[in-house]
Amino acid sequence: MSSLLIGTCPGQPVCVAVHTYLFVDGLDVVARSDSRMAGLDPRRLLRPGGPLHPADMPREVEVAAEERPEPGPDRLSIRVRLRGGTVIWSGLLYPGDDGGAVEEVRFRLEQYLGEIERAYADVTADRRGARAWRPVAGDS
């Protein structure tokens, strides 16, 4: 099973726009998939019942958009589905630690939902001014 870690960037002056980082097993899925992309706004991706929340029926979820030189029409999508106590992301294609292509990852439902809820709580606290930008583990 893989693990999910979600980070967020508040936008200006740190970067162009507010966006989400999706780390699977310590690897930034968006950057490794397409370096022109930036994760979508965390309030959009992480909201309760939002696009990253799994359901029995698989669904295509946009997780990133072309960032440079401006937000563009290109999008990065994944397929999210729930099978028992496992969340499955498929339709991926990024290099793993070993250099091989990662096409699918699986998460334990409890860890996955807990991480989405934690990250969303951080985003809503940031919005109220309770916290400043804080990098996720591995950021410098």
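All residue numbers here refer to positions counted from 1 along the written sequence of the relevant chain. Given that the model is predicted, a residue must reach a pLDDT of at least 70 before its local features are reported, and side-chain atom pairs must reach 80 or more before they are shown or counted; all residues, however, enter totals for whole chains, interfaces and linings. Neither water nor hydrogens contribute to the side-chain values; these are computed over all heavy atoms in the structure.

All right, on to the overall build of the protein then. Here a helix means four or more residues in a row that DSSP labels H or I, a strand means two or more in a row labelled E, and each is numbered from the N terminus. Across its full length, the protein holds 3 helices and 8 strands. Its helices and strands taken in sequence order, the protein reads β-β-β-α-β-α-β-β-β-β-α from the N to the C terminus. Counting the 140 residues in the protein, one finds 44% classified as buried. The contact criterion used throughout is that any non-hydrogen atoms of two residues lie within 4.5 Å. In the protein, the share of contacts with a sequence separation of at least 24, taken over all contacts with a separation of at least 6, comes to 45%. Carbon together with sulfur atoms contributes 50% to the accessible area of the protein, which is approximately 7600 Å² in total. Only protein chains enter the accessibility calculation, which uses a 1.4 Å probe. A residue is then buried if its area is under 20% of the maximum for its type, exposed if over 50%, and partly exposed in between. Here, Shrake-Rupley sampling with a 1.4 Å probe gives the accessible areas, and only protein chains in the shown set may cover a residue.

We now examine the nonpolar core. The criterion is simple. A nonpolar core is a set of buried Ala, Val, Leu, Ile, Met, Phe, Trp, Tyr and Cys residues joined through side-chain atoms within 4.5 Å. The biggest cluster of nonpolar side chains holds 30 residues, and the ones touching the most others in it are Leu52, Val63, Trp89 and Tyr112. Elements that contribute at least two residues to this core include exactly strand S1 (4–9), strand S2 (19–24), helix H1 (29–33), strand S5 (59–66), strand S6 (75–83), strand S7 (86–95), strand S8 (101–108) and helix H3 (109–127). Not counting the four nearest positions on each side in its chain, Tyr112 is found in contact with Leu4, Leu52, Pro54, Val80, Val87, Trp89 and Phe107.

Working definition: rings of Phe, Tyr and Trp (its six-membered ring) pair if their centres are within 6.5 Å, and the pair is stacked with planes under 30 degrees apart, edge-to-face with planes over 60 apart, and tilted otherwise. Taken as a whole, this structure holds 4 aromatic pairs when the rule is applied. The interplanar angle of 25 degrees and the centroid separation of 6.1 Å between the aromatic rings of Tyr21 and Phe23 together place this pair among those described as stacked. Judged by its relative accessible area of 21%, Tyr21 is partly exposed. Given the relative accessible area of 10%, Phe23 is considered buried. Ring centres of Trp89 and Phe107 lie 5.1 Å apart, and the angle between their planes is 70 degrees; this geometry places the pair in the edge-to-face category. One end of the pair, Trp89, is in strand S7; the other, Phe107, is in strand S8, and 18 residues separate them in sequence.

Here the focus is the environment of Glu66. Turning to its location among the elements, Glu66 is positioned in strand S5. Sequence separation between Glu66 and Arg36 is 30 residues, and the spatial gap between their C-alpha atoms is 5.5 Å.

A few words now on the sheet that holds S6. By definition, two strands form a pair when at least two bridges between them are found by DSSP. Taken together, 5 strands build an open sheet; the order of strands is S4-S5-S6-S7-S8 and the sheet is antiparallel. For this open sheet the edge positions go to strand S4 (37–39) and S8, each flanked by a neighbour on one side alone. Direction aside, the axes of adjacent strands within the sheet are offset by 35 degrees on average. Taken together, the 3 bridges between S4 and S5 define a ladder with antiparallel strand orientation. Only the stretch in contact is used when fitting a helix axis, every axis being a line fitted to C-alpha atoms; angles between N-to-C directions are given from 0 to 180 degrees.

Strand order across the open sheet formed by 3 strands is S1-S2-S3, with antiparallel pairing between neighbours. Edge positions in the sheet fall to S1 and strand S3 (27–28), since each has one partner strand and no second. When S1 meets S2, the two strands line up antiparallel, connected through 6 bridges. Counterpart to Cys9 in the pairing with S2 is His19.

Between Lys or Arg on one side and Asp or Glu on the other, a salt bridge is scored when a side-chain nitrogen of the former is within 4 Å of a carboxyl oxygen of the latter. Tallied over the full model, the rule gives 10 salt bridges. It is possible to trace a salt-bridge network through shared partners that takes in Asp34, Arg36, Glu66 and Asp74.

So, about the pairing of S5. As paired strands, S5 and S6 are joined by 6 bridges and run antiparallel to one another. Bridge pairing in S6 places Glu60 opposite Arg79.

The analysis is restricted to geometry; functional conclusions fall outside its scope.
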